[in-house]
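# Close look at the chain arrangement
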Amino acid sequence: MNLRRGLQTLFSYSLLMLIAVLCIFPFWWTAVIAFSASGNVFSFPPVWWPQDWTLAHFEEVFRVIPIGGFLWNSVCLTLMTVAGKLLLCAMAAYPLSRMRFRGRRTVLAIIMFTMILPGEVNFLMNFLSITQLGLVDSWFGVVLPNLVTAISILMLKQAFDEIPQDLLDAARIDGAGEITILFRIMLPLIAPWLATVGILTAVETWNDYLWPSLVMAKPEDFPVSAGVLYLRGTYGSSTRVIAAGTILTVAPVMVAFLWTQRFFMRGMDGAVK
C-alpha cells in the first residue's frame, strides 16, 4: 500500500510539473528572446537562457510607440470595468439568490443559456448598440458591453446563497431595507468572491484587444493589448522588439495576479464549496 501510494503521489506531482512547464514555457521563451541580443530566435531545441543580455529591445519599444500611454489607458479601462461589473453583477445576483418573484427561474435559465454562446456572437449587436448610443471611439463604448456577464452573476449568486437566512431576517427586523442589507451586510461577507470576480475581470479586460480595436479609432486611446500590435507593422522582422513589447504587456497583470492570488484562492475555495 505504501509503495502504491508513493507511486500515485509521484505520478501526480510529475503530471503537475509537466502541466506547469507547458504553461510557463511560452512566457519564458518570449522573455529569453526579449532579453537576448544574439542567437537564432527559432532554434530547436530552444535556448533556455538569454544570450548576451540586453535591454535595448525594451528601450526600442518605448522609443517607437507610446507604451506608457497605452498602459495608462489599460489601467483606466480595467478599473472602470471591474468596478462596474462588481456593482451591477452583485445587484443582479442578490435578487436571484434572496428574493422570490414570478419568472425568477426563467431569468436564471436565460442567464445560464447565454454562457454557451461564444463572445464573438455578440460583437455585431454590441457594435450596433454602441453606434446607436454614440459611444464609438470612447472608453465607455469599450467598457459597457463587458459590465455584466453570466458567470460573474452566477458566482456571486452562489456566494449569496451560502449566507445564513437568519442574518437577513435579523437585519429586516431591525428595519434595514434591501439596499442596506446588500451593501452593508451581504457584500462585506462575500469579499473573497468579489475579489475572485474582480481578478478574473481584470485579467480578461487587460488582455482583450479585439473589441477595443473595433470600437476605438484613435491610436492614442488604445489599451496596451491593442497598441502593442503596432510593433508588428513597424518591426515586422524584429521578433525581439515584438517580444519585448509582449513582456511589457503581460508583466503588470502577472504581478497583480501574484499579489492578489490569496484572495483569488479563497474565493475559488468558497465557490467550490
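Bear in mind that the values here come from a model prediction, so they are computed numbers and not experimental data.

## Considering the overall build of the protein
Within the protein, the regular secondary structure consists of 14 helices and zero strands. Listed N to C, the secondary structure of the protein is α-α-α-α-α-α-α-α-α-α-α-α-α-α in terms of helices and strands. Its C-alpha atoms give the protein principal-axis dimensions of about 70 × 70 × 30 Å. Out of the 273 residues in the protein, the part that is buried amounts to 36%.

## Examining unusual backbone geometry
Positioned with a positive phi, D137 is a non-glycine residue whose angle comes to about 65°. Checked against the element boundaries, D137 lands in the loop between α5 (123-132) and α6 (139-143).

## A few points about the UniProt feature "transmembrane region" (unreviewed entry) in the protein
Cross-referencing UniProt, the feature "transmembrane region" (unreviewed entry) maps to residues 12-37, 70-94, 106-127, 139-160, 181-203 and 241-259 in the present numbering. The span residues 139-160 is 73% helix and 0% strand, and its two end C-alpha atoms sit 31 Å from each other. Secondary structure over residues 241-259 splits into 100% helix and 0% strand, and the C-alpha atoms at its two ends are 28 Å apart.

## Topic: the packing of helix α8 (residues 165-173) against helix α9 (residues 178-189)
Packing of α8 against α9 leaves a shortest axis separation of 11 Å and a crossing angle of 145°. Relative to α9, α8 is oriented so that their crossing is right-handed. Of the residues in α9, those in contact with L167, L168, A171 and R172 of α8 are E178, I181, I185, M186 and L189. A breakdown of the residues in the contact of α8 with α9 according to their chemical character gives seven nonpolar, no polar and two charged.

## Remarks on the side chain of S36
As for its position among the elements, S36 is in the loop between α1 (2-35) and α2 (56-64). From its side chain, S36 meets the backbone oxygen of V32 in a polar contact 2.5 Å long. Ignoring sequence-local partners within four residues, the contact set of S36 consists of P50, Q51, D52, T54, H57 and R240.

## What to know about the pattern of salt bridges
Counted according to the given criterion, the structure contains five salt bridges. Among the ionic pairs, E178 bridges to R172, the shortest N-O distance being 3.0 Å. On the basis of relative accessibility, which here comes to 29%, the residue E178 falls in the partly exposed class. The network of salt bridges with common partners includes D169, R172 and E178.

## Some thoughts on a nonpolar patch on the surface
Taken together, F11, Y13, L15, L16, L18, I19 and L22 make up a surface patch of nonpolar side chains, about 770 Å² in accessible area. Relative to the assigned elements, F11 resides in helix α1. Judged by relative accessible area, which is 57%, F11 ranks as exposed.

## Regarding the packing of aromatic side chains
The geometry of an aromatic ring pair is captured by two quantities: the separation of the ring centres and the angle between the planes. On inspection of all chains with the given rule, the structure shows four aromatic pairs. Through a chain of ring-to-ring contacts, the aromatic side chains of F35, W53 and F58 assemble into a single cluster.

## Re the nonpolar core
Counting 29 residues, the largest nonpolar core has A34, F58, V61, I65, I67, V142 and L231 as the members making the most contacts within it. Elements represented by at least two residues in this core include exactly α1, α2, α3 (67-98), α6, α11 (210-215), α12 (224-227) and α14 (239-272). Of the residues forming this core, the biggest block, six residues, is contributed by α14. One finds C89, M186, W193 and L194 within the second-largest nonpolar core, a separate group that totals 25 residues.

## Overview of the confidence of the model for the protein
Here the protein averages 83 in pLDDT, while 90% of its residues score no lower than 70. Mean pLDDT values for the elements of the protein range from 65 in helix α13 (residues 230-234) up to 92 in α3.

Definitions and cut-offs
- Along each chain, numbering runs from 1 in the same order as the chain's sequence is written.
- Totals for whole chains, interfaces and linings use every residue, but because this is a predicted model, local features are given only for residues with pLDDT of at least 70 and side-chain atom pairs only at 80 or more, for both listing and counting.
- Only hydrogens and water are removed before side-chain values are computed, so all heavy atoms of the structure are retained for them.
- The secondary structure listing takes helices from DSSP runs of H or I that are at least 4 residues long and strands from runs of E that are at least 2 residues long, numbered from the N terminus.
- Relative accessibility under 20% of the residue-type maximum defines a buried residue, over 50% an exposed one, and the middle range a partly exposed one, all with a 1.4 Å probe and only protein chains included.
- UniProt positions are given in the numbering used here, feature names are shortened, and annotations may be inferred rather than shown by experiment.
- Note on geometry: axes are C-alpha line fits, over the in-contact stretch for helices, and angles between N-to-C directions span 0 to 180 degrees.
- By convention the crossing between two helices is left-handed if the near helix lies anticlockwise of the far one by an angle smaller than a right angle, and right-handed if it lies clockwise.
- Whether two residues are in contact is decided by their heavy atoms, any of which lying within 4.5 Å being enough.
- In this classification, Asp, Glu, Lys and Arg are treated as charged, Ala, Val, Leu, Ile, Met, Phe, Trp, Tyr, Cys and Pro as nonpolar, and every other residue, Gly included, as polar.
- Polar contact criterion, stated in full: a pair of N or O atoms within 3.5 Å, where within protein one must be able to donate a hydrogen and the other to accept it, and residues adjacent in sequence count only if both atoms are side-chain atoms.
- One side-chain nitrogen of Lys or Arg within 4 Å of one carboxyl oxygen of Asp or Glu is enough to make a salt bridge.
- Within the patch definition used here, like charges are joined within 9 Å and nonpolar side chains (Val, Leu, Ile, Met, Phe, Trp, Tyr) within 5 Å, considering only residues with over 30% relative accessible area and no salt bridge.
- The Shrake-Rupley method, run with a 1.4 Å probe, gives the accessible areas here. Residue values count only the displayed protein chains as cover.
- Each Phe, Tyr or Trp ring (for Trp, its six-membered ring) is paired with any other whose centre lies within 6.5 Å, and the angle between the two planes then decides the class: stacked below 30 degrees, edge-to-face above 60, tilted in between.
- The definition of a nonpolar core used throughout is a set of buried Ala, Val, Leu, Ile, Met, Phe, Trp, Tyr and Cys residues joined through side-chain atoms within 4.5 Å.
- What pLDDT reports is the predictor's confidence in each residue, on a scale of 0 through 100.

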